[in-house]
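What the coordinates show
Below, each chain spelled out in residue letters.
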Amino acid sequence: MSTLNIEEKVLESSIEAVLFAAGEPVAISRMAQMLEVSENDIVFAATKLADMYSFERRGIRLIRLNDCYQLCSAPEHAELIRKTLETRKPPKLSQSALEALTIVAYYQPTTRAYVDKVRGVDSSYTIGLLQQRGLIEECGRLNVPGRPALFRTTQDFLRVFGLTSLDELPPMPESELLEAPVFAEITEEVEQ
């Protein structure tokens, strides 16, 4: 049972307005603080909105990405949007990019050197490409000579692959499991 400080419809329209204006994920905690309601109230209202958009087959969807919400276009309208806005389809990821992205996703935070070790080839270009596309980001540095960067996946990674959180990644087959790197000497961590 929800205990709202403001009417449900007003809360729903407030969430809708904030997410529309933001154009990017907004933290549940931030919306709760600004609207002076509990995080549970935000989740309750956002879930109702998401269900309504989906049930009514609206052109937008409200999606949850970890502890954030974002408005986006309905996937069934993707081709129409592409044609209308005359944007090109982003090029598909190469096999090497998918390999590097998989290593970062399953073993994050990780270094480029670890990706190189697992793949057996230099991954500098591929890591740069994944950063450029917004699928991975630097999230800190190791306190060892050279201070190598640590990488993790981004909210865009979740959105592109249709995931709510990293917990939804499919399990790795046991034959492909590797020992995860342990980085005890992290000096700088970047908040997501």
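The following refers to the structure shown.

Calculation notes
- Residues numbered from 1 in each chain as written.
- Predicted model: local features only at pLDDT ≥ 70, side-chain atom pairs only at ≥ 80, totals over all residues.
- Heavy atoms only, no water.
- Helix = DSSP H or I, 4+ residues; strand = E, 2+ residues; numbered from the N terminus.
- Buried < 20%, exposed > 50% of the residue type's maximum accessible area, 1.4 Å probe, protein only.
- Contact = heavy atoms within 4.5 Å.
- Areas by Shrake-Rupley, 256 points an atom, 1.4 Å probe, with all protein chains shown as cover.
- Salt bridge = Lys/Arg side-chain N within 4 Å of Asp/Glu carboxyl O.
- Pairing = 2+ DSSP bridges.
- Axes fitted to C-alpha atoms, helices over the stretch in contact; angles between N-to-C directions.
- Core = buried A, V, L, I, M, F, W, Y, C linked by side-chain atoms within 4.5 Å.
- Phe/Tyr/Trp six-rings, centres within 6.5 Å; stacked < 30°, edge-to-face > 60°.

**Here we look at the overall build of the protein chain**
Helix and strand counts for the protein chain stand at eight helices and seven strands. Per-residue burial over the protein chain gives 33% buried out of 192 residues. Excluding contacts between residues fewer than 6 apart, the proportion of contacts in the protein chain whose partners are at least 24 apart in sequence is 56%. Of the roughly 12,300 Å² of accessible surface on the protein chain, a fraction of 53% belongs to carbon and sulfur atoms.

**Details of the pattern of salt bridges**
Across all of its chains, the model carries twelve salt bridges by this definition. With a shortest N-O distance of 3.5 Å, Glu 12 and Lys 48 are connected by a salt bridge. Here Lys 48 lies in helix α3 (residues 39-55) and Glu 12 lies in helix α1 (residues 8-22), a separation of 36 residues in the sequence. Given a relative accessible area of 36%, Lys 48 falls into the partly exposed group. Close ionic contact of Arg 61 with Glu 76 constitutes a salt bridge, the shortest N to O distance being 2.8 Å.

**Considering the pairing of strand β5 (residues 136-142)**
Here five bridges tie β5 to strand β6 (residues 149-153), and the two strands are oriented antiparallel to one another. Bridge assignment links Arg 141 to a residue of β6, and that residue is Ala 149. Counting the residues in the hairpin turn of β5 and β6 gives six residues, including Gly 146, whose phi is positive at 90°.

**What about the sheet that holds strand β3 (residues 68-73)?**
Reading across from one edge, β1-β3-β2 is the order of the three strands in this open sheet, with antiparallel pairing throughout. Of all the strands in the sheet, the pair left with one neighbour each is β1 (26-27) and β2 (60-65). The sheet contact formed by β1 and β3 spans two bridges and is antiparallel. Bridge assignment links Ala 27 to a residue of β3, and that residue is Cys 68. Running at roughly 140° to β2, α3 makes contact with β2 and β3 of the sheet.

**Some thoughts on the pairing of β3**
As a general feature of sheets, a regular strand has side chains that alternate between the two faces. Where β2 meets β3, six bridges bridge the pair, whose relative direction is antiparallel. Opposite Arg 64, over in β3, you have Tyr 69 as the bridge partner. Hairpin connection of β2 to β3: two residues between the antiparallel strands, including Asn 66 at a positive phi of 55°.

**With respect to the nonpolar core**
Ranked by internal contacts, the top residues of the largest apolar core, which has 22 residues, are Leu 130, Ile 136 and Phe 157. Of all the secondary-structure elements, those providing two or more residues to this core are α5 (95-107), α6 (112-119), α7 (124-132), β6 and α8 (155-160). By residue number, the principal contributor to this core is α5, which donates seven residues. The contacts of Leu 130, once residues within four sequence positions are left out, are Leu 93, Ala 97, Ala 100, Leu 101, Leu 135 and Ile 136. By size, the runner-up hydrophobic cluster in this structure holds 18 residues, among which are Val 26, Met 31, Ala 45 and Leu 49.

**Looking at the packing of aromatic side chains**
Scanning the model with the defined rule gives two aromatic pairs in all. Summarising the aromatic geometry, the rings of Phe 157 and Phe 161 are spaced 5.0 Å apart at their centres and angled 45° between planes, so their arrangement reads as tilted. On the basis of relative accessible area, Phe 157 is assigned to the buried category, the value being 4%. The class for Phe 161 is partly exposed, based on a relative accessible area of 38%.

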